[in-house]
Amino acid sequence: MRKFNFFLKRAFDIVASVMALIILTVIPVMIVVPLIIKFTSKGPAFYTQTRIGKDKKPFKLFKFRTMITERYDKDGNEIMSENRITKVGRVLRKFSIDELPQLFNVLNGTMSIVGPRPMLDYQAPRCIGEENMRFDVRPGLTGYAQVKGRNNICWEERIKYDVEYIKTYTFLKDIEIIFRTVLLVLKKEGTDVKAEYRGVDRFSKHYVPEEEVKQNS
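Remember, predicted model here, so these are calculated numbers, not experimental data.

The next point concerns the nonpolar core. Within the largest apolar cluster, 29 residues are counted, with the highest numbers of intra-cluster contacts made by Val33, Ile37, Phe64, Ile113, Tyr144, Tyr165 and Ile177. With four residues, the single largest contributor to this core is helix H2 (residues 29-40). Beyond its immediate sequence surroundings of up to four residues, Phe64 is in contact with Met30, Val33, Pro34, Ile37, Ala45, Phe46, Tyr47, Leu92, Ile97, Asp98, Leu100 and Pro101. With nine residues, the next largest nonpolar core counts Cys127, Trp155, Val163 and Phe203 among its residues.

Moving on, we get to the sheet that holds strand S4 (residues 119-120). Strand order in the open sheet formed by three strands is S2-S1-S4, with antiparallel pairing between adjacent strands. On the outer flanks of this sheet lie strand S2 (58-64) and S4, each paired with one strand and no other. Alignment of strand S1 (residues 46-52) against S4, held across two bridges, turns out to be antiparallel. Opposite Arg51, over in S4, you have Leu120 as the bridge partner.

Right, let's talk about the side chain of Thr181 for a bit. Here Thr181 is to be found in helix H8 (residues 171-187). Only 2.7 Å separates the side chain of Thr181 from the backbone oxygen of Ile177, close enough to count as a polar contact. Once residues lying within four places of it in the same chain are set aside, the contact partners of Thr181 are Thr142 and Val147.

What follows concerns the pattern of salt bridges. Applying the stated criterion across every chain, the model contains 12 salt bridges. A salt bridge links Lys9 to Asp174, with the shortest nitrogen-to-oxygen separation between them at 2.8 Å. Taken together, the positions of Lys9 in helix H1 (residues 2-26) and Asp174 in helix H8 put the pair 165 residues apart, joining distant regions of the chain. Residue classification places Lys9 among the buried positions, given a relative accessible area of 5%. For Glu99, the salt bridge is made with Arg117, and the minimal N-O distance between the two is 3.1 Å. Of this pair, Glu99 sits in the loop between helix H4 (87-94) and helix H5 (102-107) while Arg117 sits in the loop between strand S3 (112-114) and S4, placing them 18 residues apart in sequence.

One ladder, built from seven bridges, connects S1 with S2; its direction is antiparallel. Within S2, the residue paired with Thr48 across the bridge is Phe62. Where S1 hands over to S2, the hairpin turn is made up of five residues, of which Asp55 adopts a positive phi near 60 degrees.

The rules we used
Residues numbered from 1 in each chain as written. Predicted model: local features only at pLDDT ≥ 70, side-chain atom pairs only at ≥ 80, totals over all residues. Heavy atoms only, no water. Core = buried A, V, L, I, M, F, W, Y, C linked by side-chain atoms within 4.5 Å. Buried < 20%, exposed > 50% of the residue type's maximum accessible area, 1.4 Å probe, protein only. Helix = DSSP H or I, 4+ residues; strand = E, 2+ residues; numbered from the N terminus. Contact = heavy atoms within 4.5 Å. Pairing = 2+ DSSP bridges. Polar contact = N/O pair within 3.5 Å; in protein donor to acceptor, adjacent residues only side chain to side chain. Salt bridge = Lys/Arg side-chain N within 4 Å of Asp/Glu carboxyl O.

None of the figures reported here should be taken as evidence of function without further support.
Now the structure itself:
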C-alpha cells in the first residue's frame, strides 16, 4: 500500500507539473516575470542554487531571482540578505511566485510537489538520528512544515513535521497540504520571517558547534 501511495505521488507530480507549466505559460507568468526582473535590476532572471535532495544527492534548484547580485557594499562590507531583496523580489516572495521555476525540478525528478523543503549543502550533515528520514523522499515545493508555520517555526520544529509527514504519508495527505498551501499563499501568511527566527541555530549558516567553541577558547 505504501509503495502504491508513492507511485500515485510520482504520477501526480508529473501530471500536475505539466499542467501547471502549460497554464503558467499561457497566463503568461513564466514569460512576463523574467522580463520584469531583467528590466528592474541587473543580473539574470533565474537563480540556481545547490540543494540536497533524496538520498542526500545534490541538485540544482531553480528560482526567479529576488535579490540584487551584489553581495558587498562599496566599503567591502557584506550586505545582509534581507537588504539585498529587490522591490520586485518582495512581491514575488510574498505570493511565492519566485518558487514557480521549481516545477522544472519536479519534471526532472529532483523534486516533488509535496515533501520536505530542500536543505542547503551545509545543513544536511547536521541532521541527526531520524531527522535523516527527510532524505528518504524527494524534497517538495511545499510541505507539511510549510502549512504548519512556513518561515516562522525553527528548523528543528520543521524537521519534526517533515519526519511526521514521512511516517504517516498518504496520497490524500499531499492533496490536503496542497489546498492548505494555496490558502496560505492567498492570505500571504508566513512569508516574512519574524525576528525571533533569525537567530543562529544548528542549521544556520554561521552556527559553530559548542565543542568547537570550547576548543578555540
